[in-house]
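# A structural walkthrough
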Amino acid sequence: MNEPNEKKFSFLFFDDKDDQNTDNPSEDNASKKTENEILRKTINFRKTGIQKYKITLVGELQINSMNTTSKVENNLIFHLKNIFDDGEILLNLISYDKEMISCNNQGFKEMFLVTRQLEKLYDEFEAVINQSGEIIEIKNLDFLQQKWKKIKNELVTYFNEGTDIESFFKLNDETMNNQSFWKQMLNEQEFFFLFFDLANYGHSFQRRKQIKRDNAFRSNQINWQMDYEAKTNSDGITMSVNGFFKPDNKWLDQAYGKMPFLTGIPFTPNFKIEGEYKFDPVTGFIKEAYVNLEETVNSSLLYHKLKFQIIQMP
């Protein structure tokens, strides 16, 4: 991780080109020509500061004859404290408040309440993060460990019986003292996927890349092929996001073949991501976004659909 250098984080910038002073006009013009030839538009954080967002998630899950719909709202506050010249940032997630607005499945409601207890640990964590949203180093691990000791035995209700998150998630003090475990747990949160990896920070407006993520049932990994295209106007930068994955029968069988209700049923896969981000050209922060993610294995018996909406709050 390098020292802060705000100069390199203008929203539109030349590739690692420093200003050059020269007394030779022809050399200066040649230098500018070379720079113009490699000019690329990129999305980067330009300013530090505190940001507030509301994330709304509408989900639908079909498993055989069971259909579950839900709506969750997440209000979060984070402080981007520093920008480093290698693309990494120092981020403090100040508040992570999540509420289930509606759900037609009591089991999902109960599970949500228990996981919310664990997610109390996410408040006030501070970490160095790269442009893909991967945690490089947790800066306040001692604080998080002390917080774990305070909440690990707090009782929560799960189907009318009391439990605690230490027993429910089979966690222990040794595990929670391991920074690698914390990195893994935090990296799995949708916040990092939506705000960093999918948002394409540090890369050109027009780009194709791959994103690997577990499928909805954690039974296989999806290798998303992502396409990006952005345009600028008076309101800022608007970027379209499109992803696809075309699994073969071997991949599908490994991921879903053990589900008995799919025996003898043909796979009709449809995996896609569609979204749009709007960025503030002065700061580089997301102004608003929507992301639709679909993982359909069979259009009648097995699918998972997620619709995210991100709104920057005043």
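Residues numbered from 1 in each chain as written. Predicted model: local features only at pLDDT ≥ 70, side-chain atom pairs only at ≥ 80, totals over all residues. Heavy atoms only, no water.

Now for the nonpolar core. Residues L194, F195, L198, Y256, Y277 and I286 are the most contacted members of the largest nonpolar core, which totals 72 residues. Per-element accounting of this core gives the leading share, six residues, to helix α7 (residues 190-197). Among all residues touching Y256, those that are not within four sequence positions of it are N215, F217, W251, L262, F267, F271, E295, V297 and L302. (Core = buried A, V, L, I, M, F, W, Y, C linked by side-chain atoms within 4.5 Å. Buried < 20%, exposed > 50% of the residue type's maximum accessible area, 1.4 Å probe, protein only. Helix = DSSP H or I, 4+ residues; strand = E, 2+ residues; numbered from the N terminus. Contact = heavy atoms within 4.5 Å.)

This part is about the sheet that holds strand β14 (residues 286-298). In space, the 11 strands of this open sheet follow the order β7-β6-β5-β4-β3-β15-β14-β13-β12-β11-β10, with antiparallel pairing throughout. Only two strands of the sheet have a single partner each, and these edge strands are β7 (135-138) and β10 (207-214). Mean inter-strand twist for the sheet, computed between neighbouring axes without regard to direction, equals 25 degrees. Alignment of strand β3 (residues 49-63) against strand β15 (residues 302-313), held across 12 bridges, turns out to be antiparallel. Residue pairing in the sheet places L61 in a bridge with H304 of β15. Contacts from helix α8 (residues 249-256) reach β11 (221-233), β12 (236-245), β13 (270-279), β14 and β15 within the one sheet, and its direction differs from that of β13 by about 90 degrees. (Pairing = 2+ DSSP bridges. Axes fitted to C-alpha atoms, helices over the stretch in contact; angles between N-to-C directions.)

Relative to the elements of secondary structure, V297 occurs in strand β14. Taking the relative accessible area as the measure of exposure, V297 reaches 0% and is therefore buried. Put simply, V297 and P247 are 50 residues apart on the chain and 10.0 Å apart in space, counted from C-alpha to C-alpha. With sequence-adjacent residues up to four places away left out, V297 is seen in contact with Y256, L262, F267, T268, P269 and L302.

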